[in-house]
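If you want the building blocks of each chain, they are given just below.
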Amino acid sequence: LASFRSSGLLDMLSLGMADVVRLERFGAEVPPRDVDEDTILQQYDLLYIWSPIETVEDLISSSSVSLIALNAGSEHYRSEGRSIAEVVLDGLCPLVRERMVSTKQLDDYYNANCLAVRPCFMQHFRQPEARASEVQEFVRILRHPMKDGRDVAYHFCIGDDLILDVPGNFHSRYADSGHFSLVRELMREEDESSEAAPRQGHIQLVGGLLLALMITLVASDTMPLLEASLLTAFLFVGSGCLSQQRAFSAINLRTVLTIVGAFGVGKAVGKSNIAKVLATALCGCLAPFGKRGLLAGIFSATAALGIVFHATAVVILMFPVAQEMSDAGGLPLHEAIAMLMMAATCQVLSPVSYQTNIMAFSSGYINIITAYSYTF
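Just so we're clear, the structure is a prediction, and the values are computed from it rather than from any experiment. (Residues numbered from 1 in each chain as written. Predicted model: local features only at pLDDT ≥ 70, side-chain atom pairs only at ≥ 80, totals over all residues. Heavy atoms only, no water.)

Caption draft 1: Layout of helix α7 (residues 225-238). Its 14 residues give α7 an end-to-end C-alpha distance of 20 Å, which sits within 8% of 20 Å, the value for a rise of 1.5 Å per residue. Gly-240 sits one or two positions beyond α7 and adopts a positive phi of about 85°. (Helix = DSSP H or I, 4+ residues; strand = E, 2+ residues; numbered from the N terminus. Expected span 1.5 Å × (residues − 1).)

Okay, here's the thing in structure tokens:
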């Protein structure tokens, strides 16, 4: 028997006793007023803790505590060949809208157990004082998913952050899938990692050499960029640095279809009178502002479309319009195209328009207001 302080558990918690949400003993909750640093812990006491990922890793590694799988309600034991991973649910994940408590989906689809969860709607607390009550209410739902005969259990949502106990090949299998917007391996059995270290070092060395080769070929004008990129991709697969499955899974079909579809729409805009009509309307509105007004119009229209569409698709759509505006407004074509290119790159300023921004935004750590405040 030991207290939070003497057992060393208090030192693992990032905010001390403020991280302890609930203490249960033999199925009954210990009143929060009776829980402090000197509370004596007994065997089989059940703790619910709200802490950063680093604390969860420390708890998993600790021999003095055992974690309970939230989806199964059973004690978790680490096994050889398995690892701990952090994932963020994405749109294609079959867990979305499934009950978290007593769900079999995690085991059926991924052979995994959920050790910790941070719901998407609880990534940010607008007021710090609201944190304790919101977390306590969430834990209450975990413990009592039925209320007055109604199912009030939490259902997984897109953007939920989970820490899972998964098979050793989980990261390589789902890193580029549409199931998760983030897959990050946190912990692996030492014998597994020591065996994988030489292999990982070999992949990094060969991959770096292939990348340097591609840059050299392009920089020296030995090969065009497209051919050099394709050659490097084939060499990555041929050398074993990248599996064929991962190479194909890295191709975002939705992006490809968007770009291909934009070519057709762009051709239609160019051959019909749509580009001319749009260019005439914009020139008529912005003519009083002169050359700067026309350039600002091209920039604003392209940047606005870039919030919704991929940059390549936006350029394809807006090029005929910019060309017509150049002819109608007496604007040098190279200036119109330069403004078009600059506006297309501005999609990185939006939290939902650029791939890496989407990954960060969908993780739930930032909201849209915070993202734009960082941008500007």
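Caption draft 2: Examining the nonpolar core more closely. Counting residues in each nonpolar core, the largest one holds 30 residues, and the members touching the most others are Leu-95, Tyr-110, Leu-162, Leu-164, Phe-170 and Phe-180. Mapped onto this core, the elements with two or more residues apiece are β6 (82-89), α3 (105-110), β7 (113-118), α4 (130-143), β10 (161-167), α5 (170-174) and β11 (180-188). Among the elements that make up this core, the one with the highest residue count is α4 (four residues). The residues touching Phe-170, leaving out its near neighbours within four places in the chain, are Ala-85, Val-87, Tyr-110, Leu-164, Ala-175, Phe-180 and Val-183. (Core = buried A, V, L, I, M, F, W, Y, C linked by side-chain atoms within 4.5 Å. Buried < 20%, exposed > 50% of the residue type's maximum accessible area, 1.4 Å probe, protein only. Contact = heavy atoms within 4.5 Å.)

Caption draft 3: Layout of the pairing of β6. A large share of β6 lies buried, amounting to eight of its eight residues. Here β6 shows no split at all, with Arg-82, Ile-84, Glu-86 and Val-88 on one side and Ser-83, Ala-85, Val-87 and Leu-89 on the other all buried. Pairing of β6 with β10, which is carried by seven bridges, proceeds in the antiparallel orientation. Bridge pairing in β10 links Ser-83 to Val-166. (Pairing = 2+ DSSP bridges.)

Caption draft 4: Local environment of unusual backbone geometry. Positive phi values are uncommon outside glycine, yet Tyr-44 reaches one of about 75°. Examined against the element boundaries, Tyr-44 turns out to sit in the loop between β4 (40-41) and β5 (46-49). The class for Tyr-44 is exposed, based on a relative accessible area of 68%. Positive phi, close to 75°, is recorded for Arg-97, a residue that is not glycine. Relative to the elements of secondary structure, Arg-97 occurs in the loop between β6 and α3.

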